[in-house]
Amino acid sequence: MRKFLVVLDDTRECLNAMRYAAMRAAHTGGGVIILSVIPPEEYQHWIGVAEIMREEARERIEAHFEVFAKWMRDKQGVNPELVIREGEPAIEILDVIRQDPEIGVLVLGAGTDKSGPGPLVTQLSRSSGSLPCPLTVVPGDMSKERLEEIT
């Protein structure tokens, strides 16, 4: 089964990437892996505080995942898998892709503000010629109706 890897983060454009990945998976008989990466700066404190912060970050990620997972199951018939990593997002994304040969497409949402599409899209687009799978960049301001049309 071909899987779509999509990144769950705190950005608005993440929603369109989730929608796109779920709809494509539903139309092609594929699966979805939702990856969330806890950046290292979020837990570089005293040991006890770091553990509490890690646990809180995981709980927040799992709560967000459940919202997306329910929508994917109910509306698209896709049961996503959650992967949580700690580290630098781009490095962790590439590591997940290399570890799972069924991942066929990386889906990222592009931001729409003046600062550009976002650090992940910028960083991974620069190396797109050597990525282990195709990269799909979904515009953050694309309407739900247009997403449905193109998937």
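- An unreviewed UniProt entry lists the protein chain under the name Universal stress protein, with Rhodobacter flavimaris given as the organism.

### What to know about the packing of helix H3 (residues 89-99) against helix H4 (residues 119-126)
Right, so step 1: Following both chains from N to C, one finds H3 and H4 inclined at 55°, their axes separated by 10 Å at the closest point. With respect to H4, the element H3 is oriented oblique. As for how H3 packs across H4, the hand of that crossing is right-handed. Along the contact surface, H3 presents Pro89, Ala90, Ile93 and Leu94, while H4 presents Leu120, Gln123 and Leu124.
Right, so step 2: When grouped by side-chain class, the residues that make up the contact of H3 with H4 number 6 nonpolar, 1 polar and no charged.

### Quick look at the pattern of salt bridges
Right, so step 1: Inspection of the entire model under this criterion finds 9 salt bridges.
Right, so step 2: Residue Lys3 pairs with Asp100 through a salt bridge whose shortest N-O separation is 2.9 Å. Placement of the pair is Lys3 in strand E1 (residues 3-7) and Asp100 in the loop between H3 and strand E4 (103-110), with a sequence separation of 97 residues.
Right, so step 3: For Lys3, a relative accessible area of 13% corresponds to the buried category.
Right, so step 4: A network of salt bridges, in which partner residues are shared, links Lys3, Asp100 and Glu102.

### Observations regarding the sheet that holds strand E3 (residues 81-86)
Right, so step 1: In spatial order, the strands read E3-E2-E1-E4-E5; together these 5 strands make up an open sheet with parallel pairing. The open sheet has two edge strands, E3 and strand E5 (135-139), and neither has a second partner. When strand polarity is set aside, the average angle formed by the axes of neighbouring strands in this sheet is 25°.
Right, so step 2: Here 4 bridges tie E1 to E4, and the two strands are oriented parallel to one another. Of the residues in E4, the one forming a bridge with Val6 is Val107.
Right, so step 3: Against the sheet, helix H1 (residues 14-28) makes contact with E1, strand E2 (31-38), E4 and E5, and its axis sits at roughly 170° relative to E1, the strand it touches most.

Procedures and definitions
- Residues numbered from 1 in each chain as written.
- Predicted model: local features only at pLDDT ≥ 70, side-chain atom pairs only at ≥ 80, totals over all residues.
- Heavy atoms only, no water.
- Axes fitted to C-alpha atoms, helices over the stretch in contact; angles between N-to-C directions.
- Helix = DSSP H or I, 4+ residues; strand = E, 2+ residues; numbered from the N terminus.
- Parallel < 35°, antiparallel > 145°, perpendicular 65-115°, else oblique.
- Left-handed = near helix turned anticlockwise from the far one by under 90°.
- Contact = heavy atoms within 4.5 Å.
- Nonpolar A, V, L, I, M, F, W, Y, C, P; charged D, E, K, R; others polar.
- Salt bridge = Lys/Arg side-chain N within 4 Å of Asp/Glu carboxyl O.
- Buried < 20%, exposed > 50% of the residue type's maximum accessible area, 1.4 Å probe, protein only.
- Pairing = 2+ DSSP bridges.

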